[in-house]
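Structural features, examined
Each chain is listed here by its residues.
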Amino acid sequence: MGNNKKVWQSLGACLAVYAAMQMLIEFDIIGPFWQLNIVLVCINIILAVSLNLINGFTGQFSIGHAGFMAVGAYVSAVLTVKMQLPFIAAILGGAATAGFLGFVIGLPTLRLDGDYLAIATLGLGEIIRISILNIPYVGGASGFMGIPRYTTFTWVFFITVFTVLFIRNFINSTHGRACISVRENQIAAEAMGVDTTKYKVMAFTMGAAFAGVAGALFAHYFYIAHPASFTFMKSFDILTIVVLGGLGSISGSITAAVLLTFVSAALAGYPEWRMIIYSLMLIILMLYRPQGLFGNKEISLKLFSRLMGGKKHGTTEGN
């Protein structure tokens, strides 16, 4: 009952946020520039939370997430433009294709660990991008243009909510705890009968599928899917959000996605200083808070009340 109550409270809060934001958009209080950045925030949350499932909760080191985002973007564009399918079918098709590719790639590569896995996923992400670059059917180097703008704030908001709730529930399930056991000590997990390869591939497949969803939303908001949007630097940006928020913290990924997207938008008017200030902020944070903003903690009403009343009750939170 307690868990159900928390779920309904979370959904109620999400609906309240959606209603408030939709009202501000309808009355043009939030202009087009900030509407674009709100959509980017939601897409970045999907990407960060899905990568956190792989890097933070399962303890792997993947830096090829942009490749699966590209697969979702291009497959969904083909389904809507070439095959005239509805948007929801395109999103599901992009997610399924990216997830299947993640499964196929994950089987051989996830037997690797650490730097070897990072190099393998980096190479695979680039292979995906270069392959798309040489397929004339999807535009090749010119990109896939003429994609209808089906992505709206409503679509992206509720898909983001679904992604966060789905991954949170997975983490709290038996399978999720098995993934966490792989992160904590793979040898001990194997000794206790946990099929570590199975759970690493499961997490990788799910993360890739949600990256495909983010790619579909991205392509159908900006009218175009271009290989230059899915380079290694995009994977690095997603990884930065995850590390900044805290490996193993969904709340941290959400907070960092909001923070970095809006900081980047606020500095858009200062292109010569933008990356310098952006980089300095990250360096300072890593020096004084190397575990990220939240560490591996999740924000909750109970934690918030304890933090607000910390002096009175003499309570503190680790990490």
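Provided above is the structure to which this section pertains.
Below, the structure is looked at part by part. Here the structure is a predicted model, which means the values were calculated and not measured.

**Some thoughts on empty space enclosed by the protein**
- Tallying each qualifying case throughout the model produces one cavity of 30 Å³ or more.
- Of the volumes computed, that of the largest cavity is approximately 40 Å³.
- In terms of lining residues, the largest cavity is bounded by Ile-63, Gly-64, Ala-66, Gly-67, Leu-122, Gly-125, Glu-126, Phe-230, Thr-231, Phe-232 and Ser-235.
- When residues of the lining of the largest cavity are traced back to their parent elements, those giving at least two are α3 (65-82), α5 (114-133) and α10 (232-245).
- The biggest single contributor to the lining of the largest cavity is α5, with three residues.
- Looking at side-chain class alone, the lining of the largest cavity contains five nonpolar, five polar and one charged residues.

**What about the environment of Ser-76?**
- Structurally, the position occupied by Ser-76 is in helix α3.
- A relative accessible area of 0% means that Ser-76 is categorised as buried.
- Residues Ser-76 and His-220, 144 residues apart in the sequence, show an inter-C-alpha distance of 8.5 Å.
- Contacts of Ser-76, omitting those with residues within four sequence positions, involve Ala-90, Ala-216 and His-220.
- A polar contact of 2.9 Å, which involves the side chain of Ser-76, links it to the backbone oxygen of Ala-73.

**Description of the pattern of salt bridges**
- Under the criterion given, the structure shown has two salt bridges.
- Between Glu-126 and Arg-129 there is a salt bridge, and its shortest N-O distance comes to 3.0 Å. A residue pair is termed a helical-turn pair when its members lie 3 or 4 positions apart in one helix, as Glu-126 and Arg-129 do in helix α5 at three residues.
- Between Arg-183 and Glu-184 there is a salt bridge whose closest N-O contact spans 2.7 Å.
- Classification of Glu-184 as exposed rests on a relative accessible area of 54%.

**Focus on the environment of Ile-54**
- Along the chain, the position of Ile-54 falls in helix α2 (residues 32-57).
- Overall, the relative accessible area of 2% leaves Ile-54 in the buried class.
- Linking Ile-54 and Gly-207, residues 153 residues apart in sequence, is a C-alpha distance of 6.5 Å.
- Setting aside chain neighbours within four positions, we find Ile-54 in contact with Gly-59, Gln-60, Ser-62, His-65, Ala-203, Phe-204 and Gly-207.

**Let's talk about the layout of surface pockets**
- The space that makes up the second largest pocket amounts to roughly 650 Å³.
- Lining the second largest pocket are 24 residues, and of these Lys-234, Asp-237, Ser-264, Arg-274 and Tyr-278 lie nearest its centre.
- Put simply, the parts of the chain that give the lining of the second largest pocket at least two residues each are α2, α10, α11 (250-266) and α12 (271-288).
- At seven residues, the largest contribution of residues to the lining of the second largest pocket is made by α10.
- Taken together, the residues of the lining of the second largest pocket break down into 13 nonpolar, eight polar and three charged.

**Describing the nonpolar core**
- Of all hydrophobic cores here, the largest spans 76 residues; its most connected members are Ile-43, Phe-144, Leu-217 and Phe-230.
- When neighbours within four sequence positions are excluded, Phe-230 is seen to be in contact with Ala-66, Met-69, Ala-70, Ala-73, Tyr-74, Arg-129 and Phe-218.
- Core analysis: the second largest hydrophobic core is formed by eight residues, Tyr-18, Ile-25, Ile-30 and Phe-153 among them.

**Brief notes about α2**
- Its 26 residues place the ends of α2 36 Å apart at the C-alpha level, agreeing with the 38 Å of an ideal helix rising 1.5 Å per residue.
- Leu-51 marks where α2 bends most, by close to 30°.
- The buried fraction of α2 is high, at 21 of 26 residues.
- Gly-59 lies just past α2 and shows a positive phi near 80°.

What counts as what
Residues numbered from 1 in each chain as written. Predicted model: local features only at pLDDT ≥ 70, side-chain atom pairs only at ≥ 80, totals over all residues. Heavy atoms only, no water. 1 Å grid on protein atoms, 1.4 Å probe; cavity = no way out; pocket = protein on both sides within 12 Å on 5 of 7 lines; lining within 4 Å. Points joined across faces, edges and corners; volume = space filled by probe spheres on them. Helix = DSSP H or I, 4+ residues; strand = E, 2+ residues; numbered from the N terminus. Nonpolar A, V, L, I, M, F, W, Y, C, P; charged D, E, K, R; others polar. Buried < 20%, exposed > 50% of the residue type's maximum accessible area, 1.4 Å probe, protein only. Contact = heavy atoms within 4.5 Å. Polar contact = N/O pair within 3.5 Å; in protein donor to acceptor, adjacent residues only side chain to side chain. Salt bridge = Lys/Arg side-chain N within 4 Å of Asp/Glu carboxyl O. Core = buried A, V, L, I, M, F, W, Y, C linked by side-chain atoms within 4.5 Å. Expected span 1.5 Å × (residues − 1). Bend = angle between axes of the 7 residues up to and from the residue.

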